[in-house]
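As a plain string of letters, each chain reads:
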Amino acid sequence: ADWDELAGLVDPAVFVRIAGPTKRFGWDEHIAQLTAWAPHADFETTVLDLAETGDCAFVRLVERNTVAGVQRVVNALSVYGFDGAGRIVSLQTYR
């Protein structure tokens, strides 16, 4: 996958992806994980709510992820953090 267009919306030097209490990834690790997962998954998202305040955006959604014929449906909350230039500097997910 080519992630250059997405990278323009992010500050890769400071970006952190936080998943759960112990998992933290920088931009390169996050993209490597997506690149390994994407060819094997059928992914669909339904956005339920979106709210923005200050330098954060909150997205409540339902994720449908099918890998090897097995579908997993997850209710999730994604929290995006932005810098002063409007670039994404953090992504936290709660399931």
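That block above? That's the structure.
As the structure is a prediction and not an experimental result, all values here were calculated from the model. (Residues numbered from 1 in each chain as written. Predicted model: local features only at pLDDT ≥ 70, side-chain atom pairs only at ≥ 80, totals over all residues. Heavy atoms only, no water.)

Undergrad: Lay out the nonpolar core with the relevant residues and their values.
TA: In terms of nonpolar packing, the biggest core is built from seven residues, these being V10, F15, W27, I31, L34, I88 and L91. Secondary-structure elements contributing two or more residues to this core are α2 (27-37) and β6 (88-94). At three residues, α2 tops the list of elements feeding residues into this core. (Core = buried A, V, L, I, M, F, W, Y, C linked by side-chain atoms within 4.5 Å. Buried < 20%, exposed > 50% of the residue type's maximum accessible area, 1.4 Å probe, protein only. Helix = DSSP H or I, 4+ residues; strand = E, 2+ residues; numbered from the N terminus.)

Undergrad: Give a description of the sheet that holds strand β3 (residues 41-53) that names residues and reports values.
TA: Taken in spatial order, the six strands of this open sheet run β2-β1-β6-β5-β4-β3, and their pairing is mixed. Edge positions in the sheet fall to β2 (23-26) and β3, since each of these pairs with one other strand and no more. The mean inter-strand angle of the sheet, taken between neighbouring strand axes irrespective of direction, is 20°. Note that β3 and strand β4 (residues 56-67) share twelve bridges and pair antiparallel. (Pairing = 2+ DSSP bridges. Axes fitted to C-alpha atoms, helices over the stretch in contact; angles between N-to-C directions.)

Undergrad: Lay out the pattern of salt bridges in plain terms, naming residues and giving numbers.
TA: Counted by the stated rule, this structure contains five salt bridges. The partner of E63 in a salt bridge is R95, and the shortest N-O contact between them spans 3.0 Å. With E63 in strand β4 and R95 in the segment after β6, the pair connects residues that are 32 residues apart, well separated along the chain. According to the relative accessible area criterion, E63 is buried, its value standing at 12%. What makes R95 exposed here is its relative accessible area of 56%. In this structure, a network of salt bridges that share partners links the residues D11, D83 and R87. (Salt bridge = Lys/Arg side-chain N within 4 Å of Asp/Glu carboxyl O.)

Undergrad: With reference to specific residues and values, describe the packing of aromatic side chains.
TA: Summed over all chains, the structure comprises two aromatic pairs. With 5.2 Å between their ring centres and 85° between their planes, F15 and W27 make a pair best called edge-to-face. Of this pair, F15 sits in the loop between α1 (4-7) and β1 (16-19) while W27 sits in helix α2; the two residues are twelve residues apart in sequence, bridging distant segments of the chain. In this structure W27 comes out as buried when scored by relative accessible area, which is 9%. Taken together, a centroid distance of 5.4 Å and an interplanar angle of 80° make the contact between W37 and F43 edge-to-face. Residue W37 is classed as partly exposed on the basis of its relative accessible area, which comes to 31%. (Phe/Tyr/Trp six-rings, centres within 6.5 Å; stacked < 30°, edge-to-face > 60°.)

Undergrad: So what's going on with the pairing of β4? Residues and values would help.
TA: Joining the antiparallel neighbours β3 and β4 is a turn of two residues, in which G54 adopts a positive phi near 55°. The pairing of β4 with strand β5 (residues 70-82) spans twelve bridges and is antiparallel. The residue of β5 that forms the bridge with R64 is V73. Here β4 folds back onto β5, and the loop between the two strands holds two residues, one of which, A68, carries a positive phi near 55°.

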